[in-house]
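A structural walkthrough
What follows is each chain in one-letter form.
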Amino acid sequence: MTHPFRFLCFIALLALNFSCQTSPKYDLVIRNATLYDGSGDAPIQGDIAISGDTIAAMGEILEKGKTEVDAKGMAVSPGFVNMLSWGTESLLVDGRGLSDLKQGITLEVMGEGWSMGPLNDQMKKEEQAAQGDLKYDISWKTLGEYLQTLEKKGVAPNVASFLGATTLRIHEIGYDNREPSKLELDNMKLLARQAMEEGALGIGSSMIYAPATYASTEELIALCEIASEYGGMYITHMRSEGNKLLEAVDEVLVISKDARIPAEIYHLKAGGKNNWSKMDQVITKIDSAQKAGLKITANMYTYVAGATGLDAAMPTWAQEGGYTEWVKRLQDPSTRKRIIAEMKTDAQDWENLYFAAGSADKIAVGGIQSRFPQKIHG
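Residues numbered from 1 in each chain as written. Predicted model: local features only at pLDDT ≥ 70, side-chain atom pairs only at ≥ 80, totals over all residues. Heavy atoms only, no water.

1. Some words on the side chain of histidine 237
The condition is simple: Numbering of helices and strands runs from the N terminus, with a helix taken as a DSSP run of H or I at least four residues long and a strand as a DSSP run of E at least two residues long. Accessibility here uses a 1.4 Å probe with only protein chains present; expressed as a share of the type maximum, an area under 20% marks a residue as buried, one over 50% as exposed, and anything in between as partly exposed. In the analysis that follows, any N or O atom pair within 3.5 Å is treated as a polar contact, provided that within protein one partner can donate a hydrogen and the other can accept it, and provided that, for residues neighboring in sequence, both atoms belong to side chains. Residue contacts are defined here by distance: any two heavy atoms, one from each residue, within 4.5 Å place the two residues in contact.
Among the secondary structure elements, histidine 237 is positioned in strand E11 (residues 233–237). When its relative accessible area of 6% is taken as the criterion, histidine 237 is described as buried. Looking at histidine 237, its side chain comes within polar contact range of the side chain of histidine 267, at 3.4 Å. In this structure histidine 237 touches Glu112, Ser205, Ser206, Met207, Ile208, Tyr209, Tyr266 and His267, once residues within four positions along its chain are discounted.

Dropping the structure here:
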């Protein structure tokens with residue numbers, strides 16, 4: 001006669017064994033895919049299993065998943081990185097980020113020159129007034145608080161940000177074309193330290209745009225020295241990608257060397273037909289710097305057009321003081337005449353992207369936003 005307790009134990013073991021055999025082991029199994037692992041190696045055909053937010057297995061997977069997807073004829077890869085994201089505002093309005101997410105982008109890296117913090121009260125007022133179609137409340141001041149705001153609202157992609165050197169300059173100096181005082185530079189360095197402790201990736205600069213173009217090499221080195229203490233890096237849209245391209249590369253090398261910081265040249269290119277021949281020299285400079293021990297890298301986009309604002313087609317002296325002063329200058333007929341003449345000149349002291357394009361018919365207007373009620377005639 002079988003002991004009742006032993007019989008119950010036997011039934012329980014059978015039930016447990018049956019449960020283990022039938023319960024799906026993974027949350028998701030993608031089958032029959034062409035798998036790219038991001039290493040640069042040739043892809044393999046196989047399956048990929050996911051548990052929670054972790055890739056649990058790759059290859060031939062016999063176990064079932066709670067959800068199964070047949071990816072025959074399709075590729076599966078790690079998420080892509082948008083390393084120059086301007087989803088800074090749109091993610092506040094719609095955290096899904098579908099325009100990037102549907103292209104496979106899972107990380108948005110912000111902060112090329114401008115960042116969403118730190119902001120003072122005047123900057124918050126200006127940013128609020130300048131909003132176009134996208135409306136949102138500016139409840140933060142620091143860069144870390146902005147990232148926390150995104151997180152609380154809910155965002156589908158991962159987000160990270162560099163600290164904008166331009167943002168630091170506006171915070172302390174405004175839009176004036178001058179060097180910072182010792183106190184102002186010290187404050188910029190303190191703000192940089194705070195941002196790095198909040199998780200900033202480093203310092204980002206966009207050197208063809210006012211007021212960034214007013215900053216000296218020494219100012220950038222001082223800020224990068226702070227980022228270097230935290231293992232950060234320096235990323236830059238260089239001071240020139242055209243007539244002063246070689247000199248701009250030299251500046252990046254000096255900043256990297258003196259601040260002891262890795263540097264990345266964003267969207268490396270030679271703007272303007274007269275400068276195309278300089279690329280061989282640029283590559284030689286970067287290669288030589290790498291061989292000398294500097295951590296210098298570069299990236300480029302794989303198309304032959306660029307996109308930027310109207311400010312990159314006007315001399316930076318006309319923009320000193322910010323948008324309001326810029327508009328006032330454009331309203332003055334004699335000043336406007338001077339600006340137009342300089343736009344048609346192959347400038348050496350500012351980056352004239354209008355001239356570099358070759359002619360007006362090579363420029364397409366992508367959108368217009370009115371920030372001011374005043375009308376400009378003529």
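2. Things to note about the layout of surface pockets
The condition that has to hold: Using a grid of 1 Å spacing that covers the protein atoms alone, one calls a set of points a cavity when a 1.4 Å probe fits there but cannot get out, and a pocket when the set is open and has protein on both sides within 12 Å along at least five of seven lines; lining residues are those with an atom within 4 Å of a point. Grid points are joined across faces, edges and corners, and a volume is the space filled by probe spheres set on the points. Residue polarity follows a fixed list, in which Ala, Val, Leu, Ile, Met, Phe, Trp, Tyr, Cys and Pro are nonpolar, Asp, Glu, Lys and Arg are charged, and the others, Gly among them, are polar.
By volume, the second largest pocket amounts to about 200 Å³. If you trace the second largest pocket, you find it lined by Ala75, Val76, Ser77, Pro78, Gly79, Phe80, Gly104 and Thr106. Of the residues contributing to the lining of the second largest pocket, the split by class is four nonpolar, four polar and no charged.

3. Points about the sheet that holds strand E12 (residues 263–265)
Defined as follows: By definition, two strands form a pair when at least two bridges between them are found by DSSP. Comment: axis = line fitted to C-alpha atoms, over the contacting stretch for helices; angle = value between 0 and 180 degrees taken between N-to-C directions.
Here we have five strands laid out as an open sheet, ordered E9-E10-E11-E12-E13, and parallel in their pairing. A single partner strand is all that each edge strand has here, and the edge strands are strand E9 (163–164) and strand E13 (296–298). Where E12 lies against E13, three bridges are found, and the strand directions are parallel. Its bridge partner lying in E13, isoleucine 265 is registered against alanine 298. Sheet contacts for helix H10 (residues 279–291): E12 and E13; angle to E13, the most-contacted strand, approximately 145 degrees.

4. Here's the deal with empty space enclosed by the protein
If you roll a probe as big as a water molecule over the atoms, it shows you where there is empty space left. Throughout the structure, instances matching the rule amount to one cavity of 30 Å³ or more. A volume near 40 Å³ is recorded for the largest cavity. If you trace the largest cavity, you find it lined by Ala165, Thr166, Arg169, Ser205, Met207, Ala212, Ala215, Glu219, Leu220 and Leu223. Going through the elements one at a time, helix H6 (165–173) and helix H8 (217–229) are the ones with two or more residues in the lining of the largest cavity. When its residues are assigned to classes, the lining of the largest cavity shows six nonpolar, two polar and two charged.

5. A word on the pairing of strand E1 (residues 26–35)
For E1, the buried fraction is high: seven of the ten residues fall into the buried class. Both E1 and strand E4 (residues 65–70) contribute to a ladder of five bridges, which runs parallel. Paired with isoleucine 30 across the strands is valine 69, a residue of E4. As judged from the two bridges shared by E1 and strand E5 (residues 75–76), these two strands associate in the parallel manner. Opposite threonine 34, over in E5, you have alanine 75 as the bridge partner.

6. Let's talk about the packing of helix H9 (residues 245–259) against H10
What describes two packed helices is the angle between their axes and the distance between those same axes. Here is the rule: Roughly parallel covers angles under 35 degrees, roughly antiparallel covers those over 145, roughly perpendicular covers 65 to 115, and oblique covers all other angles. It is the rotation of the near helix from the far one that decides the hand of a crossing: anticlockwise by less than a right angle makes it left-handed, clockwise makes it right-handed.
Following both chains from N to C, one finds H9 and H10 inclined at 15 degrees, their axes separated by 10 Å at the closest point. On the basis of the axis angle, H9 is roughly parallel to H10. The chirality of how H9 crosses H10 is right-handed. Two secondary-structure elements touch here, H9 through Leu245, Leu246, Val249, Asp250 and Leu253 and H10 through Gln281, Val282, Lys285 and Ala289. Grouping the constituent residues of the contact of H9 with H10 by class yields six nonpolar, one polar and two charged.

7. Considerations on H10
Rules: What a helix is expected to span follows from its residue count: subtract one and scale by 1.5 Å. Arc, as used here, means the arc of the directions from the helix axis to the C-beta atoms.
Between its terminal C-alpha atoms H10 stretches 18 Å, which fits the 18 Å expected from 13 residues at 1.5 Å a residue. Taken as a whole, H10 has its buried residues at Met279, Val282, Ile286 and Ala289. Each buried residue of H10 lies within a common arc of 90 degrees when the element is viewed along its axis, so the set occupies one face. Exposed and oriented more than 90 degrees from the buried face of H10 are Asp280 and Lys291. The inward-facing, buried residues of H10 contact H9, E12 and E13. Phi for glycine 293, located one or two positions after H10, is positive at around 105 degrees.

Worth remembering: the numbers are spatial, not functional.
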